[in-house]
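# Architecture at a glance
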Amino acid sequence: MTMMKRITRSMTVIWKKGSKKSMPPTCRSLSTLKYSHCYQILKSPPLLSLDLPDIWTPDSLDYDRPPIKKGSNEQTAAVIDGKSISEEIILGIASEVSRMKEAISKVPGLAVILVGQRRDSQTYVRNKIKACEEAGIKSLMTELPEDCKEEEILSALSSFNEDPSIHGILVQLPLPKHLDEEKILNQVSVEKDVDGFNPLNMGNLAMRGREPLFIPCTPKGCIELLLRSGVEIMGKKAVVIGRSNITGLPISLLLQRHHATVSILHAMSKNPDKISSQADIVVTAVGVPNLVRRHWLRPGAVVIDVGTYPVEDPNSEFGYRLIGDVCYEEAVEVVSAITPVPGGVGPMTIAMLLSNTLDSAKLAYDFT
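Below or above, wherever it landed, is the structure these notes cover. (Residues numbered from 1 in each chain as written. Predicted model: local features only at pLDDT ≥ 70, side-chain atom pairs only at ≥ 80, totals over all residues. Heavy atoms only, no water.)

### Quick notes on the pattern of salt bridges
Think of it this way: side chains of opposite charge can pair up when their charged atoms draw near. Rules: For salt bridges, the criterion is a side-chain nitrogen of Lys or Arg within 4 Å of an Asp or Glu carboxyl oxygen. Note on conventions: DSSP H or I runs of at least 4 residues are helices, E runs of at least 2 residues are strands, and numbering of each starts at the N terminus. Partly exposed residues are those whose accessible area sits between 20% and 50% of the maximum for their type, while under 20% is buried and over 50% is exposed, using a 1.4 Å probe and protein chains only.
Overall, the coordinates contain 11 salt bridges when judged by the stated rule. One salt bridge connects glutamate 96 with arginine 99, and the closest N-O pair in it is separated by 2.9 Å. Of the two residues, glutamate 96 and arginine 99 are both situated in helix α2 (residues 82-104); the distance of 3 residues between them amounts to about one turn of the helix. Here arginine 99 falls in the partly exposed class, since its relative accessible area comes to 33%. For lysine 362, the salt bridge identified is with glutamate 96, shortest N-O distance 2.6 Å. Of the two residues, lysine 362 is situated in helix α11 (residues 345-365) and glutamate 96 in helix α2; the sequence distance between them amounts to 266 residues. What you see here is one network of salt bridges that share partners, running through Glu88, Glu224 and Arg228.

In structure tokens form, the structure reads like this:
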């Protein structure tokens with residue numbers, strides 16, 4: 001009895017710290033097991049109670065221009081040009097779309113839902129629509145105000161799900177805080193989930209011997225950049241900084257499928273700089289400007305910088321410019337290859353979105 005009290009007491013402490021919802025101090029029913037009684041046999045709490053926000057604290061809050069630690073060497077890193085690689089891929093997609101149109105008089109269709117007035121989201125959507133035009137892919141866009149109701153988004157999704165001319169549906173993230181992102185994304189038909197966020201797609205990505213319908217676009221683009229740059233992945237030490245469902249988690253799974261030895265760093269990781277400095281490949285996706293400095297990087301490593309952060313810039317066309325998670329000026333003196341921000345991963349994400357949309361249309365029309 002004494003042992004049972006200790007276990008119960010320790011579980012209560014863990015749950016109180018981790019859970020967003022209040023719960024009785026001695027009993028919590030498990031949502032996955034419909035017990036009529038609540039016996040706390042294990043120490044493991046419900047997984048949702050462990051979810052904590054990843055809040056990174058950068059070394060410098062001067063996002064515009066951090067103190068740069070200049071070394072004695074000039075730039076040695078090769079720049080992985082995502083823009084030119086994506087253009088080559090989109091040309092190939094356009095050729096396939098043209099072949100489909102000639103053969104069956106059909107083209108792929110992509111629908112985009114944009115909520116709110118975030119400038120970065122507007123830029124991303126604008127670039128995606130432009131890329132669709134270049135590739136010959138039909139595109140539709142629904143724009144909704146920041147304070148829209150969830151039902152408005154679900155209605156638009158339902159319409160696109162039922163439209164046979166639409167083969168891919170994209171809900172631009174992030175959504176405003178008052179909206180249930182998980183509920184909304186789960187309403188996207190799995191056959192049109194070209195973002196690859198459906199749990200079925202993610203589950204198949206995680207399991208060996210399984211093939212997801214669609215691989216999430218940004219991770220897929222990261223791997224494509226590595227492969228096209230001649231970077232060997234198999235057997236290499238890879239560190240993924242960030243564990244979001246959108247990028248960090250799927251890129252770690254994808255790197256494992258390519259037989260890398262993968263470590264994941266998050267805001268609760270101890271000595272993340274030391275762990276990162278041992279990696280052959282570093283992929284960072286947290287959106288914290290200049291988080292990764294020179295001492296985080298192993299000489300000769302390859303860096304894929306997914307992070308983007310808008311910085312006010314009155315001289316820029318749209319009033320801001322983007323910087324990444326990596327302090328680029330320091331990194332280029334240490335690593336062997338790196339993606340710039342912008343012009344690295346961003347264009348590849350769009351190219352992979354078009355690729356997934358084309359694949360979806362081929363499946364829908366049984367076109368080979």
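### So, helix α6 (residues 199-206)
Note the following rule: Picture the helix axis, draw a direction to every C-beta atom, and the arc is the one those directions span. In this analysis, two residues are considered to be in contact whenever any of their non-hydrogen atoms come within 4.5 Å of each other. Throughout this description, a polar contact denotes any pair of N or O atoms lying within 3.5 Å of each other; where both atoms belong to protein, one of them has to be capable of donating a hydrogen while the other can accept it, and for residues adjacent in sequence the pair is counted only when both atoms sit in side chains.
Among all positions of α6, only Asn201, Met202, Asn204 and Leu205 are buried. Projected onto a plane normal to the axis of α6, the buried residues spread over an arc of 165 degrees and lie on a single side. Residues of α6 that are buried sit in contact with α8 (248-257). The N-cap of α6, judged by a side-chain oxygen 2.8 Å from the amide nitrogen of leucine 200 a few residues on, is asparagine 198.

### Looking at the sheet that holds strand β2 (residues 109-115)
To keep things clear, this is the line we draw: Only when DSSP finds a minimum of two bridges between them are two strands counted as paired. Here an angle of 0 to 180 degrees is reported between the N-to-C directions of two axes, which are lines fitted to C-alpha atoms, with helices fitted over the stretch in contact.
Taken together, the 3 strands give an open sheet; going across it, the order is β3-β2-β4, and neighbouring strands pair in parallel fashion. The two strands at the open ends of the sheet, each matched to only one other strand, are β3 (138-144) and β4 (168-171). Shown here is a sheet whose adjacent strand axes are inclined to one another by a mean of 15 degrees, direction ignored. Pairing geometry for β2 and β4, over 4 bridges, is parallel. Along β4, the bridge assignment pairs isoleucine 113 with valine 171. Docked against the sheet, helix α4 (residues 150-162) engages β2, β3 and β4, running at close to 180 degrees with respect to β2.

### Concerning the side chain of aspartate 305
As a reminder of what qualifies: Charge assignment: positive for Lys and Arg, negative for Asp and Glu; neither His nor the chain ends contribute.
Relative to the elements of secondary structure, aspartate 305 occurs in strand β8 (residues 302-305). No salt bridge is formed by the buried aspartate 305. Its closest oppositely charged neighbour is arginine 293, at 11 Å. Of the polar contacts made by the side chain of aspartate 305, one reaches the backbone nitrogen of aspartate 325; its length is 3.1 Å. Ignoring anything within four residues of it in the chain, the contact list for aspartate 305 reads Thr284, Gly324, Asp325, Val326, Thr339, Val341 and Val345.

### Things to note about the environment of proline 219
Relative to the helices and strands, proline 219 is located in helix α7 (residues 217-228). Separated by 33 residues in sequence, proline 219 and serine 252 place their C-alpha atoms 8.5 Å apart. Excluding residues within four positions of it along the chain, proline 219 makes contact with Ile246, Thr247, Pro250, Ile251 and Leu254.

### Quick word on α2
What counts, and what does not: Expected helix span is given by 1.5 Å per residue-to-residue step, counting one fewer step than there are residues.
The end-to-end C-alpha separation of α2 is 32 Å, in line with the 33 Å expected for 23 residues at 1.5 Å each. Taken together, the buried positions of α2 are occupied by Gly82, Ile85, Ser86, Ile89, Ile90, Ile93, Ala94, Val97 and Met100. Looking at the buried side of α2, the elements it contacts are α3 (119-135), α7 and α11. The N-terminus of α2 is capped by aspartate 81, whose side-chain oxygen sits 3.1 Å from the backbone nitrogen of lysine 83. A positive phi of about 60 degrees marks serine 105, the residue just after α2.

### Thoughts on the sheet that holds strand β1 (residues 78-79)
Strand order in the open sheet formed by 6 strands is β1-β11-β8-β7-β5-β6, with parallel pairing between adjacent strands. The open sheet terminates on both sides in strands that have one partner only, identified here as β1 and β6 (261-265).

### Observations regarding empty space enclosed by the protein
Keep this limit in mind: A 1.4 Å probe that fits but cannot get out identifies a cavity on a 1 Å grid over protein atoms alone, an open set with protein on both sides within 12 Å along at least five of seven lines counts as a pocket, and a residue lines either if it has an atom within 4 Å of a point. Grid points are joined across faces, edges and corners, and a volume is the space filled by probe spheres set on the points.
For the coordinates displayed, the defined rule picks out 1 cavity of 30 Å³ or more. A volume near 60 Å³ is recorded for the largest cavity. In this structure, the largest cavity is lined by Ile169, Leu170, Val171, Leu185, Val188, Asp193, Asp195, Phe197 and Asn198. In terms of residues, the lining of the largest cavity owes the most to one element, β4, which gives 3 residues.

### With respect to the packing of α6 against α8
As a reminder of what qualifies: As a working rule, the residues Ala, Val, Leu, Ile, Met, Phe, Trp, Tyr, Cys and Pro are called nonpolar, Asp, Glu, Lys and Arg charged, and the rest polar, with Gly in that last group.
Their axes nearest at 9 Å, the elements α6 and α8 cross at an angle of 35 degrees. Here Met202, Asn204, Leu205 and Ala206 of α6 come into contact with α8, specifically with Leu249, Pro250, Leu253, Leu254 and Arg257. Among the residues forming the contact of α6 with α8, the class breakdown is 7 nonpolar, 1 polar and 1 charged.

### Focus on the side chain of threonine 339
With respect to the secondary-structure elements, threonine 339 resides in the loop between β11 (337-338) and α11. A distance of 2.8 Å separates a polar atom in the side chain of threonine 339 from the backbone nitrogen of aspartate 305.

### A closer look at the nonpolar core
When a protein is soluble and globular, its nonpolar side chains tend to lie buried together. The cut-off we apply is this: Nonpolar core, defined: a set of buried Ala, Val, Leu, Ile, Met, Phe, Trp, Tyr and Cys residues in which side-chain atoms within 4.5 Å join the residues together.
Ranked by internal contacts, the top residues of the largest apolar core, which has 53 residues, are Ile93, Ile137, Leu226, Leu255, Val283, Ile304 and Leu354. Excluding residues that lie within four positions of it along the chain, valine 283 makes contacts with Cys222, Val239, Val240, Ile241, Ile251, Leu255, Ile304 and Val306.

### A short note on the packing of α2 against α7
Put simply, the rule reads: Note on angle classes: values under 35 degrees are labelled roughly parallel, values over 145 roughly antiparallel, values of 65 to 115 roughly perpendicular, and the remainder oblique.
Where α2 meets α7, the closest approach of the two axes is 11 Å, and the angle between their N-to-C directions is 100 degrees. Taken as axis vectors, α2 and α7 run roughly perpendicular relative to one another. For the pair α2 and α7, contact is made by Gly82, Ile85, Glu88 and Ile89 and by Glu224, Leu225 and Arg228, respectively.

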